[in-house]
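# Descriptive structure summary
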Amino acid sequence: MTAIPPAALRPTDPLFAERYRAMSSRDSRFDGQFITGVHTTGIYCRPSCPAMTPKPSNVTFYRTAAAAHEAGLRACKRCQPDAVPGSPEWNIHDDIASRAMRLIADGTVERDGVPGLAARLGYTPRHLGRVLVKELGAGPLALSRAHRAQTARTLLMSTELSVADVAFAAGFSSIRQFNDTVQAVYETTPTALRERGRRILARPRPGATDSTSISLRLPARPPFDGPGLMRFFADHAVLGVESGDETSFRRSMRLPHGVAAIELQLDGPTTVLCSAKLESIADLSTMVSRVRRLLDLDADSEAIDSALAADPVLAASVFAHPGIRLPGSLDADEALFRTMIGQQISVASARTVLGRIATELSETPGLFPTAAQIAEHGHEVLRGPATRVAAIIGVARALAEGELVLDVGMPAAEFERRLVAMPGIGPWTAGYLAMRVLGNPDVLLTSDLVMLASGVGLGLPATARGLADYGTRWAPWRSYAGMHLWRSRPVTSATRPAAD
């Protein structure tokens, strides 16, 4: 999908006609990718809203719901414009606005305030506010408020959490602030939203079994290769930490206020049922955001598949695996250690080695050890060449002491530059982590031995440079092209997909 440069589109903008056609045809593929503001009715809608098509002169298109809120519009009660997958733009682009949106979805403003958000992005709060208003139509507080409102609506309409628990799970600091925001955004009360959800949902609603347990259905943008994604996680599951199969995945994850045990189950072709037990209800919104990133639920699969299928080399794989996703990560530090430790050995051996390390080093059963634990005791359990062990422990110390920081709000180039500056980390590891941690859609690991072998089997160049040159035609979806190449790997390939 073409990026929208301004915060709002009016009839004089070149992209207005494209958006208006999508809205007029009620094309659900664009839901979540832009917002339709109708100023004669004072509401904003998703592109597929079944209401009568408004005149162009009465319409403004926005990149975010927050911009529509700031323009004085309220959410449409008929189409529920925020009950859709999120925008894929925030992973496609690497600008300040996109990186800010990743951090806002992760709850950074609720935890650290606007100054904390600005600091993580490397700007002053004032400059950040100017950029976000210009690009997205709303400042960081308004964007965070819209995210809280959307989370609250989802919880009210799809769970049996108490209204008070919903308020704090969504990130509101008080019940009054929660009530006022719901009234302003949806022009109704929290109780009325809950009743509407009971009327709309025909099947039993997932909900809470106690004060810390919750189940939610998370929508994916179709098509969605859920079984392929679950199989990837199951094949790479660390023994004693994770488990799964082609329909489900289970593990625990660290969150800002505690630990959550999660179970993810495919629930139809484009829905994932997320069941979790959290130590703190305040972590719920952050958990949902991280799970969505783990599963790449917001990817624009229609656009990706269409672009890659245009190449005859990948067409058969795209047809066989529509909606292929990038497997993400719940913890950047853990992803780095797993990648470094698991290189140049088989997937099965990596699972065993990583499981032993988790058992011997982690102070919390079922969790992968922290950087500090590996830095302190890694020399007792790590095996292999001394230089490799030293590199892993050196990275652990750098992470534990704050010298190395991996953040979803970083530009991809800076993220990779910080990694390759560390002894023992090369371009393959940095690129692989940019794909897994940042969700970067345009990384092609041309030095990957399995990917090269798969490419040769498909008639592609046999060298890294040749594959890189050929792969330019797959931009900006080279990460997804790489996933198709991995899927096409020779059946004799038993080693993990790469080494620096």
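Up top you'll find the structure we're talking about.
All figures in this text were calculated on a predicted structure; none of them were measured in a lab.

A cluster of acidic residues, Glu 360, Glu 363, Glu 376 and Glu 380, forms a negative patch at the surface. By the secondary structure assignment, Glu 380 is in helix H17 (residues 371-381).

Mapped onto the secondary structure, Thr 286 falls in helix H12 (residues 284-295). You can call Thr 286 buried: its relative accessible area is 5%. With residues near it in sequence (within four places) discarded, Thr 286 still touches Asp 106, Gly 107, Arg 111, Leu 255 and Pro 256.

A few words now on the pairing of strand S2 (residues 35-38). Both faces of S2 are covered, namely the face carrying Ile 35 and Gly 37 and the face carrying Thr 36 and Val 38. For S2 and strand S4 (residues 59-62), the ladder comprises 4 bridges, and the chain directions are antiparallel. From the neighbouring strand, Thr 36 faces S4, where its bridge partner is Phe 61. Looking at chain direction, S2 and strand S3 (residues 43-45) are connected through 3 bridges and run antiparallel. Bridging across to S3, Val 38 finds its partner in Ile 43. Between S2 and S3, which pair antiparallel one after the other, the connecting turn spans 4 residues, and Gly 42 there sits at a positive phi close to 75°.

On to the pattern of salt bridges. When the charged atoms of two side chains with opposite charge come close together, those side chains can pair. Taken as a whole and assessed by the stated rule, the structure comprises 24 salt bridges. Two residues, Asp 298 and Arg 292, come together in a salt bridge whose shortest N-O distance is 2.6 Å. Residues Asp 298 and Arg 292 agree in their burial class; the two are buried. Salt-bridge contacts for Arg 478 lead to Asp 442; the nearest nitrogen and oxygen are separated by 2.8 Å. Of this pair, Arg 478 sits in helix H23 (residues 478-487) while Asp 442 sits in the loop between helix H20 (427-437) and helix H21 (449-457); the two residues are 36 residues apart in sequence, bridging distant segments of the chain.

On to the pairing of strand S9 (residues 258-266), then. As judged from the 8 bridges shared by strand S8 (residues 248-255) and S9, these two strands associate in the antiparallel manner. Among the inter-strand pairings, Arg 251 is bridged to a residue of S9, identified as Ile 262. Here S8 hands over to S9 after 2 residues, the two strands then running antiparallel side by side. Both S9 and strand S10 (residues 271-278) contribute to a ladder of 7 bridges, which runs antiparallel. Each bridged residue has a counterpart across the sheet, and for Gln 265 the counterpart in S10 is Leu 273. From the end of S9 to the start of S10, which pair antiparallel, there are 4 residues, and Gly 268 there has a positive phi angle of about 100°.

Evaluation of the coordinates by the stated rule reveals 11 aromatic pairs. Geometrically, the ring pair formed by Phe 16 and Phe 61 is tilted, given 5.0 Å between the ring centres and 50° between the ring planes. Linking Phe 16 in helix H1 (residues 16-24) with Phe 61 in strand S4, this pair joins segments that are 45 residues apart in sequence. On the basis of relative accessible area, Phe 61 is assigned to the buried category, the value being 2%. Between the aromatic rings of Tyr 470 and Trp 474, the centroid separation amounts to 5.5 Å while the plane-to-plane angle is 70°, which identifies the pairing as edge-to-face.

Cut-off values and rules
- Residues numbered from 1 in each chain as written.
- Predicted model: local features only at pLDDT ≥ 70, side-chain atom pairs only at ≥ 80, totals over all residues.
- Heavy atoms only, no water.
- Patch = residues over 30% accessible without salt bridge, like charges linked within 9 Å, V, L, I, M, F, W, Y side chains within 5 Å.
- Areas by Shrake-Rupley, 256 points an atom, 1.4 Å probe, with all protein chains shown as cover.
- Salt bridge = Lys/Arg side-chain N within 4 Å of Asp/Glu carboxyl O.
- Lys, Arg positive; Asp, Glu negative; His and termini not counted.
- Charge placed at Lys NZ, Arg CZ, Asp CG, Glu CD.
- Helix = DSSP H or I, 4+ residues; strand = E, 2+ residues; numbered from the N terminus.
- Buried < 20%, exposed > 50% of the residue type's maximum accessible area, 1.4 Å probe, protein only.
- Contact = heavy atoms within 4.5 Å.
- Pairing = 2+ DSSP bridges.
- Phe/Tyr/Trp six-rings, centres within 6.5 Å; stacked < 30°, edge-to-face > 60°.

Purely spatial values, then, with no claim about function.
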